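Residues per chain are reported as follows:
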Amino acid sequence: MLTPLSGAQIRQTFLEFYAARGHQILPSASLVPEDPTVLLTIAGMLPFKPIFLGQRQAEFDRATTSQKCIRTNDIENVGRTARHHTFFEMLGNFSFGDYFKEQAIAWAWELSTEVFKLPPDRLIVSVFRDDDEAFAIWRDQVGIPAHRIQRMDEADNFWASGPTGPCGPCSEIYYDFHPERGDKKIDLEDDTRFIEFYNLVFMQYNRDAEGNLTPLKAQNIDTGLGLERMAQILQGVPNNYETDLIFPIIKTAAEIAGINYTKADESTKVSLKVIGDHIRAVVHMITDGITASNLGRGYVLRRLIRRVVRHGRLIGIDREFTSEVAETAIALSEGAYPDVRKRAQVIKTELHAEEDRFRKTLDRGESLLAELMAKLPKGGKISGVDAFELYDTYGFPFELTQEIAAEQGLTVDEAGFEAEMEKQRDRSRAAHETIDLTVQGTLDKLAENLHETAFLGYTDVSSSAEVAALLVAGKTVKSVAAGDEVQVVLDQTPFYAESGGQIGDRGYLSGDEVVVRVEDVKKEGSIFVHFGRVERGTLKVGDRVTAQIDLACRRRAQANHTATHLLQAALKKYVDENVAQAGSLVAFDRLRFDFNLSRPVTPEEIQQIEEQVNIWIAEAHKADVAIMPLTEAKAKGATAMFGEKYADEVRVIDFPGVSMELCGGTHVSNTAEIGLFKIISESGVAAGIRRIEAVAGLAALEYLSLRDKVVRELSDRFKAKPEELPDRISALQTELRNTQKQLDAMKAELALAKSDRLIDQAEAIGEFKVLVSQMEGVDADSLKTAAERLLQKLGEGAVVLASTPEPDKVSLVAAFSPGVNKKGLQAGKFIGAIAKLCGGGGGGRPNFAQAGGRDASKLPEALKTARQDLEAALR
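These numbers were taken from a predicted model, which means no experiment stands behind them.

Considering the overall build of the chain
- When helices and strands are counted, the chain shows 25 helices and 35 strands.
- With the principal axes as the frame, the chain shows a C-alpha extent of 100 × 85 × 50 Å.
- Split into buried and exposed, the 875 residues of the chain put 48% on the buried side.
- Per element, the accessible surface of the chain, about 40,400 Å² overall, is 49% carbon and sulfur.
- Here the chain contributes 105 positively and 130 negatively charged side chains, and the mean placements of these two sets differ by 5 Å.

See the structure below:
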C-alpha cells in the first residue's frame, strides 16, 4: 500500500531530499523565458541552458527546482489521455560538472523507493541502447534484474540540444500499474500499464557538424520528475486530473455547471479536465506578466482562455465563470507560488475581459454559421475548411457546428475539418516547442568563443576598438567591402545595445580608409552586435576602428528614457501607487509606457501627470547613479519591473525625492536636460493594461510645432481664433446632424408615399393578402419602414419588398402577420432563402426580417420565387 502524499508534500519532499545532498534550492523561473528561441518555458532545464552551453558560469555546482512549464503542441490530447497537460510542474536536480551517472542513478532510486516508498518490484527502467555504463549501474549497484532494464533507441533515450552541441543518453524510471501481467514482453509504450515519472539525462558528449561525438570536459546531469505523475501514483487515482493538484478546480467547474463528475459521461469529463488543466496554465501565465493578444505567447494565452470558455459552454455553463474557477487554482498554487495571490486581481480582470469578449465572438460565430447554412440546399454539407475557420478564427466549437447543422438537416465534412486541424498541429509543433540550443547558431558560437564586449557608453561617446568578428547574411566572414550589409562585433564599444525597452544607438565606425554607418545595435548573450552598412572602403577582422555614436540621437533617447521614469513616478503619485510597468519603448522620437490598470486614466489625471513631470524637469533634479547589491537596492525602495530577472549587483538610477529605479539604460544627468514633456495619447492595449505615449525634449518641441501649424491652418480656414475653434466645429457638427435628420425624414416620407401606391397591387391568397414588389431609390431603413406600414394596412398577410440602393447591392425585407406564422412561415428563414438567389443571405425574427444580396440581375427571379412560395404555402 502506497503512502498517499499531497502534491505540495511531494514537491517539498523532493526539494528537501536534494537540498540535504548539497543542492541549492532555486525558485521557479518565469514562464517567459530569457531564451529567444522559445515562446514559453517548456522544460525544467531551460533556465540552465546558458550554463549547459558554457555561456555562463554556474553559481552552484548542484541545484534543485520545481519549474513551472507550459507546452501546447499536443493540446488536443488534453483531457483525453491520463497524462497530457498544457501546464505542469517539473521537479529537477541538476549537476554542473559535479556528480554524474552513478550518483544520479543512486539518488533517483533512493528517492523513489525509500522516500516515496514505491515498491521496487513495481519499477522498470530504460537506458539508451549503447549505454552499457548506465545498464551496469542499474544492474550491479542498484540490483535491478537485467530483464527489467529495457534498452531503447535514440528516439526515446538520447537527448540532444540540436543537430550539434551538447547531448547524451537518458535513463528513465517507469511505474507498473499492473505487475500481475508479468515480466515477459514488457512494452513501455503501453500507457495503460506503465507511466514514466523520472527522466535522467546524462549530458556527456558534444556532437560536431559531422555527427562525431566527443566527451565533454564538464559532464552535466539534468533530471526531471513530473509532479502530476508522481501525485497520480502516490494518490492512487486513475489519471493526473483526479489528483489534488487539479481535481479541486474540476470540482468547482462541475458545481457551477450543476454536474456530478463521477456520474458524468466521458465527453463531459473531458471538458471538465480541459477547464482544470487550462485554468492552471492561464493563472500562471498572467501571473508572469503575459496578456492576451493575437501574437506570440499572448495568442497562446488567449487560445487557452477561449478553450476554457468553449468547454464551459459545452457542459451547459451559460454565465461568466472563469474568474470563479481561477480563484480555486490560485488557492491551490499560492503556497508554492505566492505571486499568484499578489496578482489575483490582475488575473481575474484579464479573465473577465477575455471571457466577455469571447462570448460575443461565439455569438458572431453563430451568425456566420447561419449565413453558411442559408447558402446550402437541404441535405447539403458544410465544408471542412468553413468549419475549421469557424473553430480557429471565431473559436466556434466543431461539436456545436455539427449540432446546429443537424437541426437544419445538414452535415459537416468531419474529415476535411480534421485535415485542417492536422495542418494546424503541424504548424504548432514546428513553432518553438523544442529547445534547440543551436538556433541562431552563428551568433551563439560567437558568444561562446569571443570575449564579452566591454560597454563604455555610460561615460564615453567615442572609443577606439578592435573588430572581433564580421557577419554577412548570418555567416562569419574575414572582410567586408563598400555596399555590404554587415554585423560587426567589437572588443569594446560606446554604442548602447537595445535592451530594457531602449533602442540601440546609431553612429559610425571609421578607420583609415573605411566608414561603416551603424543603424542599430543588439546584444546577443555577452556580445554587442552592430548592424550597419559599409559606406566606403574595406573592413577586416582585427582592424582598429573609431566607434562614434550619434550624439544627437543618444541625447534624444536619454531624454525619453528619463522621462519614462518620471512618468511612472507621477502615475504612482496621482493614479495608483501599485502601478507597475508592463512594457516600454524608448526611441529617439517618442516614448511608450505600458502599465497595469483596470480603468482608463482620466483627462484630469493626464493633466496632473503631465504638469508634475514638467515641474520635476524644471526643478533640475540631479541623477545619482550607483551600482549596489540587489537586496540593498530593494531595501532602499528602488522600483523593479515585475517578472524581470536581475543580477546580484544592479545599476540604480536615482533622482532623489522623485524616482529610483533599477535600470541599465542611458539617462540625462539632470532632469533639466529633458526640457519639455508632452503626453500624446492614453489607451488600452489589453485587458488590465493601459498605454501612455509621449514625447520629450526636442521631439516634444517638434510635436507642438506641428500641432501649432495645424491649428493656424484651421483658424484661417474657419475664420476663427484658436480658442474659438472648438465652438465653431461643434456648431458645424450640430448643423450637419440636423441636416442629416431632415434628409432621413424626407427619405422616409418618400418611401411611405411610394408604399401607399403599392397597396393596390396586393393579391388575395386564401384568407391572406400578399404583396411582393420592388421599390426603386429606397435604402434598407426606408424599406423596413415601408414594409411595416404596408403590413399594418393589409392586416393578415405577407409583405416582401426589395430595392437596389447601389448597383451591386440588393436589399430585401419580409414582414409576416401572426396568421402567416401559424401557417409555418417564418420571415427570417423565408427571406434568407430568397436572398440566397441574389448571392447573399440574412435572417431575423419570425414576423420581420431583413436580408441582402450582391447580384441585382437576379432580383426579378428572386421576387418571382418569393411570390410563388407564398402562394403555395398560403392557399
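Here the narrative resumes, following the displayed structure.
With respect to the pairing of strand S20 (residues 527–536)
- By the bridge criterion, 5 bridges tie strand S16 (residues 485–490) to S20 in an arrangement that is antiparallel. Within S20, the residue paired with Glu 485 across the bridge is Arg 533.
- The sheet contact formed by strand S19 (residues 515–524) and S20 spans 9 bridges and is antiparallel. When the sheet's bridge partners are listed, Lys 523 is paired in S20 with Phe 528.
- Hairpin geometry of S19 and S20 is characterised by an intervening segment of 2 residues between the two adjacent antiparallel strands and by a positive phi of about 65 degrees at Gly 525.

A look at the pairing of strand S22 (residues 544–549)
- Only one face of S22 is covered, namely the face carrying Val 545, Ala 547 and Ile 549; the face carrying Arg 544, Thr 546 and Gln 548 is uncovered.
- Bridge analysis of strand S13 (residues 462–472) against S22 gives 5 bridges, and the strand direction is antiparallel. Within S22, the position partnered with Ser 462 by the bridge is Gln 548.
- The sheet contact formed by strand S18 (residues 507–510) and S22 spans 4 bridges and is antiparallel. Opposite Leu 509, over in S22, you have Ala 547 as the bridge partner.

Here's the deal with the sheet that holds strand S26 (residues 649–655)
- If you walk across this open sheet you meet the 3 strands as S25-S26-S27, and the pairing is antiparallel. One side of each edge strand has no neighbouring strand; the edge strands of this open sheet are strand S25 (624–629) and strand S27 (659–662). Across the sheet, the mean angle from the axis of one strand to that of its neighbour is 25 degrees, orientation sign disregarded.
- Judged from the 6 bridges that link them, S25 and S26 form a sheet pairing that is antiparallel. Bridge pairing in S26 places Pro 629 opposite Glu 649.
- Strand contacts of helix H17 (residues 551–574): S26 and S27, with the helix running at about 115 degrees to S27, the strand carrying the most contacts.

Quick notes on the nonpolar core
- Of all hydrophobic cores here, the largest spans 85 residues; its most connected members are Ile 10, Leu 118, Trp 138, Phe 197, Tyr 198 and Met 285.
- Considering every element that reaches this core, the biggest residue donor is helix H8 (residues 266–287), with 10 residues.
- In contact with Phe 197, not counting residues within four places along its chain, are Ser 112, Leu 118, Leu 123, Ile 173, Tyr 174, Tyr 175, Gly 224, Leu 225, Gly 226, Arg 229, Met 230 and Ile 233.
- The next biggest cluster of nonpolar side chains, apart from the first, holds 30 residues, and it includes Ala 563, Leu 591, Phe 593 and Phe 677.

Topic: the sheet that holds strand S35 (residues 848–853)
- Strand order in the open sheet formed by 6 strands is S30-S31-S32-S33-S35-S34, and the pairing between neighbours is mixed. Two strands in the sheet have a free side with no partner beyond their single neighbour: strand S30 (763–765) and strand S34 (841–844). Looking at each pair of strands side by side, their axes are set apart by 20 degrees on average, direction ignored.
- Bridge count for S34 against S35 is 4 bridges, and the pairing is antiparallel. In the strand pairing of S35, Gly 841 is matched with Gly 852.
- Running over the sheet, helix H25 (residues 859–874) touches S30, strand S31 (768–774), strand S32 (797–806) and strand S33 (809–816) and is turned about 175 degrees from S31.

Thoughts on the environment of Asp 505
- As for its position among the elements, Asp 505 is in the loop between strand S17 (492–493) and S18.
- Taking relative accessible area as the criterion, Asp 505 reaches 0% and is therefore assigned buried.
- It is 8.9 Å that separates the C-alpha atoms of Asp 505 and Leu 551, two residues lying 46 residues apart in sequence.
- Ignoring sequence-local partners within four residues, the contact set of Asp 505 consists of Pro 494, Phe 495, Tyr 496, Val 518, Glu 519, Asp 520, Val 521, Ile 549, Arg 554 and Phe 588.
- A polar side-chain atom of Asp 505 sits 2.7 Å from a polar atom in the side chain of Arg 554.

Comments concerning the packing of aromatic side chains
- Across all of its chains, the model carries 22 aromatic pairs by this definition.
- Centroid distance Tyr 99 to Trp 107: 4.9 Å. Interplanar angle 80 degrees. Geometry classified as edge-to-face. Like Tyr 99, the residue Trp 107 is buried in the burial classification.
- Through a chain of ring-to-ring contacts, the aromatic side chains of Phe 14, Phe 17, Tyr 18, Tyr 99, Trp 107 and Tyr 198 assemble into a single cluster.

Notes on the pattern of salt bridges
- Counting across every chain of the model gives 46 salt bridges.
- For Asp 153, the salt bridge identified is with Arg 129, shortest N-O distance 3.5 Å. Here Asp 153 is found in the loop between strand S5 (149–152) and helix H5 (154–157), whereas its partner Arg 129 is found in the loop between strand S4 (123–128) and helix H4 (132–142), with 24 residues between them in sequence.
- Through salt bridges with shared partners, a single ionic network connects Arg 11, Glu 89, Glu 228 and Arg 280.

Let's talk about a negative patch on the surface
- Together, Asp 156, Asp 187, Glu 189 and Asp 191 line one region of the surface with negative charge.
- The topology assignment puts Asp 156 in helix H5.

Regarding the environment of Leu 470
- In this structure, Leu 470 sits in strand S13.
- Separated by 72 residues in the primary sequence, Leu 470 and Gly 542 place their C-alpha atoms 9.9 Å from one another.
- Excluding residues that lie within four positions of it along the chain, Leu 470 makes contacts with Lys 475, Thr 476, Val 477, Lys 478, Ser 479, Val 480, Val 486, Gln 487, Val 488, Leu 539, Lys 540 and Val 541.

Let's talk about H17
- Taking 1.5 Å of rise per residue, 24 residues should cover 34 Å, and H17 covers 34 Å from first to last C-alpha, within 8% of that figure.
- Most of H17 is tucked away, with 17 of its 24 residues classed as buried.
- N-capping of H17 is provided by Asp 550, with a side-chain oxygen placed 3.1 Å from the backbone N of Ala 552.

Looking at H25
- For H25, spanning 16 residues, the distance from its first C-alpha to its last is 22 Å, which sits close to the expected 22 Å at 1.5 Å a residue.
- Its buried side turned inward, H25 meets S30, S31, S32, S33, helix H23 (818–822) and helix H24 (827–836).

Topic: unusual backbone geometry
- The residue Ala 620 is not glycine, and still its phi comes out positive at about 55 degrees.
- Considering the arrangement of structural elements, one finds Ala 620 in the loop between helix H18 (603–618) and S25.

Considerations on the packing of H8 against helix H10 (residues 322–333)
- Running from amino to carboxyl end, H8 crosses H10 at an angle of 75 degrees, the nearest separation of the two axes being 9 Å. It follows that H8 is roughly perpendicular to H10 by the angle criterion. For the pair H8 and H10, contact is made by Ile 275, Ile 279, Val 283 and His 284 and by Thr 322, Val 325, Ala 326, Ala 329, Ile 330 and Ser 333, respectively.
- Among the residues forming the contact of H8 with H10, the class breakdown is 7 nonpolar, 3 polar and no charged.

Details of the side chain of Arg 193
- With respect to the helices and strands, the residue Arg 193 is situated in the loop between strand S7 (165–176) and strand S8 (194–207).
- Looking at Arg 193, the relative accessible area reads 5%, which means it is buried.
- Among the polar contacts made by the side chain of Arg 193, one reaches the main-chain carbonyl oxygen of Gly 182 at a distance of 2.7 Å.
- Ignoring sequence-local partners within four residues, the contact set of Arg 193 consists of Tyr 175, Asp 176, Phe 177, His 178, Pro 179, Arg 181 and Gly 182.

Cut-off values and rules
Residues numbered from 1 in each chain as written. Predicted model: local features only at pLDDT ≥ 70, side-chain atom pairs only at ≥ 80, totals over all residues. Heavy atoms only, no water. Helix = DSSP H or I, 4+ residues; strand = E, 2+ residues; numbered from the N terminus. Buried < 20%, exposed > 50% of the residue type's maximum accessible area, 1.4 Å probe, protein only. Areas by Shrake-Rupley, 256 points an atom, 1.4 Å probe, with all protein chains shown as cover. Lys, Arg positive; Asp, Glu negative; His and termini not counted. Charge placed at Lys NZ, Arg CZ, Asp CG, Glu CD. Pairing = 2+ DSSP bridges. Axes fitted to C-alpha atoms, helices over the stretch in contact; angles between N-to-C directions. Contact = heavy atoms within 4.5 Å. Core = buried A, V, L, I, M, F, W, Y, C linked by side-chain atoms within 4.5 Å. Polar contact = N/O pair within 3.5 Å; in protein donor to acceptor, adjacent residues only side chain to side chain. Phe/Tyr/Trp six-rings, centres within 6.5 Å; stacked < 30°, edge-to-face > 60°. Salt bridge = Lys/Arg side-chain N within 4 Å of Asp/Glu carboxyl O. Patch = residues over 30% accessible without salt bridge, like charges linked within 9 Å, V, L, I, M, F, W, Y side chains within 5 Å. Expected span 1.5 Å × (residues − 1). Parallel < 35°, antiparallel > 145°, perpendicular 65-115°, else oblique. Nonpolar A, V, L, I, M, F, W, Y, C, P; charged D, E, K, R; others polar.

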